[in-house]
Amino acid sequence: MSAIRWELLARDGRARLGRLTTPHGVVDTPAFMPVGTRGTVKGLLPEQLRAAGVQMLLANTYHLALRPGAEIVAQLGGLHRFMAWHGPILTDSGGYQVFSLAGIRRLSDQGVEFRSPVDGSWLLLTPERAVQIQELLGSDIAMCLDECPPFDAGEAVLGQAVRRTCHWAERCRQAHRRADQALFAIVQGGLNLELRQQCARALVALDFPGYALGGFSVGEPPDWMYPVLAATAESLPEDKPRYLMGVGRPQDILEAVAAGVDLFDCVLPTRNGRNAQAFVRTGVLRLRNAIHRTDPRPLDEDCPCPACRYYSRAYLHHLFHAEEMLGPILLSLHNVTFYQRLMAEIRQAIASGQFAQYRAARLAQYCLDN
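Attention here is on the structure that accompanies the text.

Procedures and definitions
- Residues numbered from 1 in each chain as written.
- Predicted model: local features only at pLDDT ≥ 70, side-chain atom pairs only at ≥ 80, totals over all residues.
- Heavy atoms only, no water.
- Helix = DSSP H or I, 4+ residues; strand = E, 2+ residues; numbered from the N terminus.
- Buried < 20%, exposed > 50% of the residue type's maximum accessible area, 1.4 Å probe, protein only.
- Contact = heavy atoms within 4.5 Å.
- Areas by Shrake-Rupley, 256 points an atom, 1.4 Å probe, with all protein chains shown as cover.
- Lys, Arg positive; Asp, Glu negative; His and termini not counted.
- Charge placed at Lys NZ, Arg CZ, Asp CG, Glu CD.
- Core = buried A, V, L, I, M, F, W, Y, C linked by side-chain atoms within 4.5 Å.
- Axes fitted to C-alpha atoms, helices over the stretch in contact; angles between N-to-C directions.
- Parallel < 35°, antiparallel > 145°, perpendicular 65-115°, else oblique.
- Left-handed = near helix turned anticlockwise from the far one by under 90°.
- Nonpolar A, V, L, I, M, F, W, Y, C, P; charged D, E, K, R; others polar.
- 1 Å grid on protein atoms, 1.4 Å probe; cavity = no way out; pocket = protein on both sides within 12 Å on 5 of 7 lines; lining within 4 Å.
- Points joined across faces, edges and corners; volume = space filled by probe spheres on them.
- Pairing = 2+ DSSP bridges.
- Polar contact = N/O pair within 3.5 Å; in protein donor to acceptor, adjacent residues only side chain to side chain.
- Patch = residues over 30% accessible without salt bridge, like charges linked within 9 Å, V, L, I, M, F, W, Y side chains within 5 Å.
- Salt bridge = Lys/Arg side-chain N within 4 Å of Asp/Glu carboxyl O.

1. Looking at the overall build of the protein
Right, so step 1: The helix and strand tally for the protein stands at 15 helices and 17 strands.
Right, so step 2: Across its three principal axes, the protein shows a C-alpha extent of roughly 60 × 50 × 40 Å.
Right, so step 3: Here the protein holds 370 residues, and the buried ones make up 56% of them.
Right, so step 4: Look at the contacts in the protein between residues 6 or more apart in sequence, and 68% of them connect residues 24 or more apart.
Right, so step 5: Of the roughly 15100 Å² of accessible surface on the protein, 51% is carried by carbon and sulfur atoms.
Right, so step 6: Here the protein contributes 38 positively and 37 negatively charged side chains, and the mean placements of these two sets differ by 3 Å.

If you want it as structure tokens, here you go:
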């Protein structure tokens with residue numbers, strides 16, 4: 001029996017309203033997970049995340065294996081206790097680092113070796129070790145180790161990545177023992193739909209409790225991504241959750257929900273917040289720009305976050321130019337709140353059968369960049 005349960009509650013076109021039950025709580029889907037790579041969502045307390053509406057967080061196997069070490073986290077009671085987040089957690093396997101850290105890794109069928117940026121030693125991440133680390137961390141959902149290739153890789157490289165990803169998924173499944181943790185597989189294949197569907201068929205045959213779509217938003221134009229994403233999502237089981245990894249622009253989320261995706265994560269809300277960028281309904285506000293220097297308005301009059309309730313755009317502009325740490329904290333909190341409100345509105349629109357109209361209206365609004 002799986003450690004999780006996903007229920008389909010309503011459908012509007014391909015968009016799905018669901019409920020994901022995990023050992024550490026229930027997640028209403030579609031849902032967005034802020035990224036807590038090293039066991040923390042940068043600059044934000046767990047209680048602030050809960051107040052913003054966050055249901056589930058993501059943490060990273062590779063980074064936590066480097067510091068402080070999975071064995072230490074397990075010794076201290078597991079990742080939930082270690083980071084004082086008692087809701088659901090998903091851990092990525094380190095497969096994305098195959099792409100993002102290509103300059104400091106060695107790849108083979110055995111696994112991937114990374115040169116540690118901490119002390120220069122080599123960390124070997126095999127499918128079995130990736131599973132072991134995630135079991136020690138104690139996340140609710142663990143991910144199979146996969147190979148994430150660049151979007152413009154040649155067909156031979158993409159084919160090798162698909163073959164290796166499927167083989168590693170089998171090894172992860174055989175290694176996985178923890179009954180209170182679900183293991184998801186990851187579909188690769190770049191923008192090659194034939195390879196994507198080949199990968200999906202092989203992984204679906206292994207009967208995982210959930211499936212992720214990896215290898216998107218790695219440099220390809222969004223208009224190239226959308227049709228491949230939609231066709232790949234359609235090839236995954238109807239009765240299991242679908243997770244789009246690392247894709248997080250609001251417009252991309254709307255398109256992916258329309259394709260039937262249930263879970264999302266991305267660093268954008270907090271990374272952009274640290275860089276003085278605030279998401280609002282009409283686009284992105286860049287708070288360093290001089291246009292905001294004397295603006296008394298809040299970021300968003302309807303937003304309940306502290307940045308909007310108590311502070312002006314002018315004050316936030318000042319914080320960034322004065323290099324005060326409160327600026328990144330406030331904008332990160334605002335952006336996380338924005339994303340959670342977006343997902344709540346998406347869920348409501350699906351439930352009422354109005355998602356197509358809601359999506360069109362939001363996309364039409366989203367044009368500002370100043």
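2. A word on the nonpolar core
Right, so step 1: Of all hydrophobic cores here, the largest spans 81 residues; its most connected members are Leu203, Leu244, Phe264, Ile346 and Phe355.
Right, so step 2: Residue contributions to this core peak at 9 residues, all from helix H14 (residues 326–351).
Right, so step 3: Residues contacting leucine 203, with those up to four places away along its chain left out, are Cys166, Ala169, Ala185, Ile186, Val187, Phe208 and Tyr211.
Right, so step 4: In this structure, Ile4, Met56, Leu58 and Ile186 belong to the second largest nonpolar core, which totals 19 residues.

3. Some thoughts on the packing of helix H8 (residues 193–205) against helix H9 (residues 222–234)
Right, so step 1: Following both chains from N to C, one finds H8 and H9 inclined at 25°, their axes separated by 10 Å at the closest point. The angle between H8 and H9 falls in the class roughly parallel. The chirality of how H8 crosses H9 is right-handed. Touching Leu193, Arg196 and Gln197 of H8 are Val228, Ala231 and Thr232, all from H9.
Right, so step 2: Looking at the contact of H8 with H9, its residues break down into 3 nonpolar, 2 polar and 1 charged.

4. Quick word on the side chain of asparagine 60
Right, so step 1: Along the chain, the position of asparagine 60 falls in strand S5 (residues 57–60).
Right, so step 2: Contacts of asparagine 60, omitting those with residues within four sequence positions, involve Gly36, Thr37, Asp92, Gly94 and Gln97.

5. Observations concerning empty space enclosed by the protein
Right, so step 1: According to the stated counting rule, one finds 2 cavities of 30 Å³ or more in the structure shown.
Right, so step 2: Its volume calculated, the largest cavity comes out at about 60 Å³.
Right, so step 3: Surrounding the largest cavity, Arg281, Asp300, Phe338, Arg341, Leu342, Glu345 and Arg362 form its lining.
Right, so step 4: Looking at the lining of the largest cavity element by element, the count peaks at 4 residues for H14.
Right, so step 5: Here the lining of the largest cavity is built from residues that sort into 2 nonpolar, no polar and 5 charged.
Right, so step 6: The computed volume of the second largest cavity comes to approximately 50 Å³.
Right, so step 7: Along its surface, the second largest cavity is lined by Pro250, Gln251, Leu254, Leu342, Arg362, Leu363 and Tyr366.
Right, so step 8: Secondary structure elements with two or more residues in the lining of the second largest cavity: helix H10 (250–258) and helix H15 (355–365).
Right, so step 9: Of all the elements, H10 adds the most residues to the lining of the second largest cavity, at 3 residues.

6. Points about the sheet that holds strand S9 (residues 122–125)
Right, so step 1: The strand order across the open sheet formed by 3 strands is S7-S8-S9, and the pairing between neighbours is antiparallel. Among the strands making up the open sheet, the edge pair consists of strand S7 (105–107) and S9. Neighbour-to-neighbour, the strand axes of the sheet open up by a mean angle of 15°, direction not taken into account.
Right, so step 2: Examined bridge by bridge, strand S8 (residues 112–115) and S9 share 4 bridges and lie antiparallel to one another. Looking across to S9, one finds that valine 112 is bridged to leucine 125.

7. A look at the environment of leucine 76
Right, so step 1: Tracing the backbone shows leucine 76 in the loop between helix H3 (70–75) and helix H4 (79–83).
Right, so step 2: When near neighbours in sequence (up to four residues on either side) are disregarded, leucine 76 contacts Arg81 and Phe82.

8. Quick look at the environment of threonine 91
Right, so step 1: Position of threonine 91 among the secondary structure elements: in strand S6 (residues 89–92).
Right, so step 2: C-alpha separation for the pair threonine 91 and glycine 36, spaced 55 residues apart in sequence, amounts to 9.5 Å.
Right, so step 3: If near-sequence neighbours (up to four positions away) are discounted, threonine 91 is found in contact with Ala59, Thr61, Leu79, Gln134, Leu137, Ser139, Ile141, Ala142 and Met143.
Right, so step 4: Only 2.9 Å separates the side chain of threonine 91 from the side chain of glutamine 134, close enough to count as a polar contact.
Right, so step 5: Of note is the side chain of threonine 91, whose polar atom sits 2.7 Å from the side chain of serine 139.

9. Some remarks on a positive patch on the surface
Right, so step 1: A surface patch of positive charge is lined by Arg38, Lys42, Arg67, Arg271 and Arg274.
Right, so step 2: Given the relative accessible area of 51%, arginine 67 is considered exposed.

10. Here we look at the layout of surface pockets
Right, so step 1: Roughly 860 Å³ of internal volume is contained in the largest pocket.
Right, so step 2: Considering the residues around the largest pocket, the lining is formed by 36 residues, among which Tyr96, Gly246, Asp265, Cys266 and Val267 are closest to the centre.
Right, so step 3: Grouping the amino acids of the lining of the largest pocket by side-chain chemistry returns 12 nonpolar, 15 polar and 9 charged.
Right, so step 4: Here the second largest pocket is characterised by a volume of approximately 210 Å³.
Right, so step 5: Forming the walls of the second largest pocket are 14 residues, and the residues nearest its centre are His176, Gln181, Ala182, Leu183 and Pro209.

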